[in-house]
2 protein chains.
Amino acid sequence: MQTAILLFDGMTVLDAIGPYEVLQSVPGVEVCFVAREKGEIRSDFKRLGLMADFTLAEVPQPDILIIPGTPFPESVTGDPAVLDWIRGAHESSTWTTSVCTGALGLGAAGVLEGRRATTHWLALDALKAFGATPVEERVVRDGKVWTAAGVSSGIDMALALVGEQFGDEAAQAAQLIIEYDPQPPCDAGSVKKAPAPLVAALREQFGDLMQGTGEA
Amino acid sequence: MQTAILLFDGMTVLDAIGPYEVLQSVPGVEVCFVAREKGEIRSDFKRLGLMADFTLAEVPQPDILIIPGTPFPESVTGDPAVLDWIRGAHESSTWTTSVCTGALGLGAAGVLEGRRATTHWLALDALKAFGATPVEERVVRDGKVWTAAGVSSGIDMALALVGEQFGDEAAQAAQLIIEYDPQPPCDAGSVKKAPAPLVAALREQFGDLMQGTGEA
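Read on for an overview of the structure. (Residues numbered from 1 in each chain as written. Chains lettered and ligands numbered in written order. Predicted model: local features only at pLDDT ≥ 70, side-chain atom pairs only at ≥ 80, totals over all residues. Heavy atoms only, no water.)

1. Examining the overall build of chain A
A count of helices and strands for chain A gives seven helices and eleven strands. Relative to its length of 216 residues, chain A is compact, with a C-alpha radius of gyration of 16 Å against a globular reference of 17 Å. In chain A, which comprises 216 residues, the share counted as buried stands at 62%. Considering only contacts within chain A whose residues lie at least 6 apart along the sequence, 63% involve residues at least 24 apart. Surface accessibility of chain A: about 7500 Å² in total, with carbon and sulfur atoms responsible for 49%. In chain A, which carries 15 positive and 29 negative side-chain charges, the distance between the mean positions of the two groups comes to 4 Å. (Helix = DSSP H or I, 4+ residues; strand = E, 2+ residues; numbered from the N terminus. Rg over C-alpha atoms; globule rule 2.2 N^0.38 Å. Buried < 20%, exposed > 50% of the residue type's maximum accessible area, 1.4 Å probe, protein only. Contact = heavy atoms within 4.5 Å. Areas by Shrake-Rupley, 256 points an atom, 1.4 Å probe, with all protein chains shown as cover. Lys, Arg positive; Asp, Glu negative; His and termini not counted. Charge placed at Lys NZ, Arg CZ, Asp CG, Glu CD.)

Below is the structure:
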């Protein structure tokens, strides 16, 4: 199965690399990185460059489509060429997926109309503008569309997708290869678990930005 | 604090990107990517290019040093220039760290002599050759040296390091920003939990390679 992962300036790298690392270990899956133009793209805070090996036009019909997120969702929602590509790829895809605020890209392309979906907790409400029903879960599947919550959740989403497509044994193998036996030293990974003052402080700092209003 | 993450041809990308994503969110931490030469390096199975912005010589004394792993440990253990850099950086570092088989790089540089350490489960025994005591834990700290188990464990290691260096609240904030509330759909992420036939099959497939003997 051909898997295309979108790269774009301003993206959050782990959103892409979590699913990439899971999927590339599965026999029969080919993963490639695509962008508007070939060449280097820079991460959300410019600290890392990643290479896009293919243009959007070169990979029009991937079997699996992965849209990573960004603290600056307009990088995707405001790019007609990318939205056209998402729309076209979604027509023939087996699975259309997003991680973090990548869901807003799917939404802006019209993919989430009438669907249940999730995204980074700071951006959940923004899904409504695209006709989606926000769901406060780590991984949400609605038909062939999978959306994952913030950043690290793409690992869980990809494992679930591998299980669905290739069976439980394939998912277990992928999990063991990347030794995904999480043991976070603290338990503040979701809004439900984190201290309320921390949640409030991050909402204050990033909330409007992640909603795609551009106000930070 | 200056954090330097080593890039090299053949590396496993998530090993680097897990800690990167955690650390880059912490105020006061600067993260940069270094390699023997500036420019593009390719991932373990050539599917992704990442850009090294700095040469080793340009970042001789990072406060935090991160050595990612690879299915081909000789990429690091057989590179005298990289080992010299690790040795020199370790002399003045606050924290010296590895993810996955990056520990074999630390070992080959002499950093693990007499220390407790961990690495990818397929490579644990190889630590003994460097005078280290292999420990079957996800994150092992021995003095200023942190080693993490396979691939995804770098996220847990980085959160623990942030907690140690900057306090629990900083670790909680980093965890919530990347929404690290893991919910893997299956429970096969460690040798202790995975089905024995799967463990045996992966040992057969990758064992000698990951031990650094070059035999796959």
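From this point, the discussion proceeds with the structure in view.
2. Things to note about the pairing of strand 11 (residues 145-148) of chain A
Residues and elements named next belong to chain A. The alternating pattern of strand 11 places V145 and T147 and W146 and A148 on opposite faces, both of which are buried. Two strands pair when backbone bridges link them, and strand 7 (residues 95-99) and strand 11 are joined in this way by four bridges, in the parallel orientation. Within strand 11, the residue paired with T97 across the bridge is W146. Counting the residues that bridge the hairpin from strand 10 (residues 139-142) to strand 11 gives two residues, and of these G143 lies at a positive phi of roughly 65°. (Pairing = 2+ DSSP bridges.)

3. A word on the sheet that holds strand 6 (residues 64-67) of chain A
Residues and elements named next belong to chain A. Spatially, 5-2-1-6-7-11-10 is the arrangement adopted by the seven strands of the open sheet, whose pairing is mixed. Looking at the sheet topology across the chains shown, the edges are occupied by strand 5 (54-55) and strand 10. Across the sheet, helix 5 (residues 153-166) is in contact with strand 6, strand 7, strand 10 and strand 11; its angle to strand 7 comes to roughly 165°. (Axes fitted to C-alpha atoms, helices over the stretch in contact; angles between N-to-C directions.)

4. A few points about the interface of chain A and chain B
The interface of chain A with chain B comprises 61 residues on the first partner and 61 residues on the second. Between chain A and chain B the total buried area reaches about 5300 Å² when both faces are included, carbon and sulfur atoms providing 59% of it. Together, A:R47, A:L176 and A:E179 form the three largest contributors to the area buried by chain A at its contact with chain B, with a combined 16%. The interface formed by chain A and chain B holds six salt bridges in total. A:K193 serves as the salt-bridge partner of B:D181, at 2.5 Å between the closest nitrogen and oxygen. On the surface where chain A and chain B come into contact, there are 38 residue pairs in polar contact (both at pLDDT 80 or more). (Buried area = accessible area lost by both parts, 1.4 Å probe. Salt bridge = Lys/Arg side-chain N within 4 Å of Asp/Glu carboxyl O. Polar contact = N/O pair within 3.5 Å; in protein donor to acceptor, adjacent residues only side chain to side chain.)

5. Quick word on the sheet that holds strand 3 (residues 39-42) of chain B
Taken in spatial order, the four strands make up an open sheet running 3(A)-4(A)-4(B)-3(B), and their pairing is antiparallel. Strand pairing shows two members of the sheet lacking a second neighbour, strand 3 (39-42) of chain A together with strand 3 of chain B, which therefore form its edges. Looking at each pair of strands side by side, their axes are set apart by 40° on average, direction ignored. Sheet analysis places strand 3 of chain A next to strand 4 (residues 49-52) of chain A, joined by four bridges and oriented antiparallel. Bridge pairing in strand 4 of chain A links A:G39 to A:A52.

6. Describing the relation of the copies chain A and chain B
In the superposition of chain A on chain B (RMSD 0.0 Å, axial shift 0.0 Å), the rotation amounts to 180°. Expressed as an axis order, the relation between the two copies is that of a two-fold axis. It is A:L50 whose C-alpha, among those of chain A, lies nearest the rotation axis, at 2.3 Å. Taken as a fraction of all interface residues of chain A, those also at the interface in chain B reach 100%, which identifies the copy contact as same-surface. (Least-squares fit on C-alpha atoms with pLDDT ≥ 70 in both.)

7. Here's the deal with the environment of B:Q165
Residues and elements named next belong to chain B. Within the secondary structure, Q165 is located in helix 5 (residues 153-166). The class for Q165 is partly exposed, based on a relative accessible area of 30%. For the pair Q165 and T94, spaced 71 residues apart in the sequence, the C-alpha separation amounts to 9.5 Å. Beyond its immediate sequence surroundings of up to four residues, Q165 is in contact with M1, T94 and W95.

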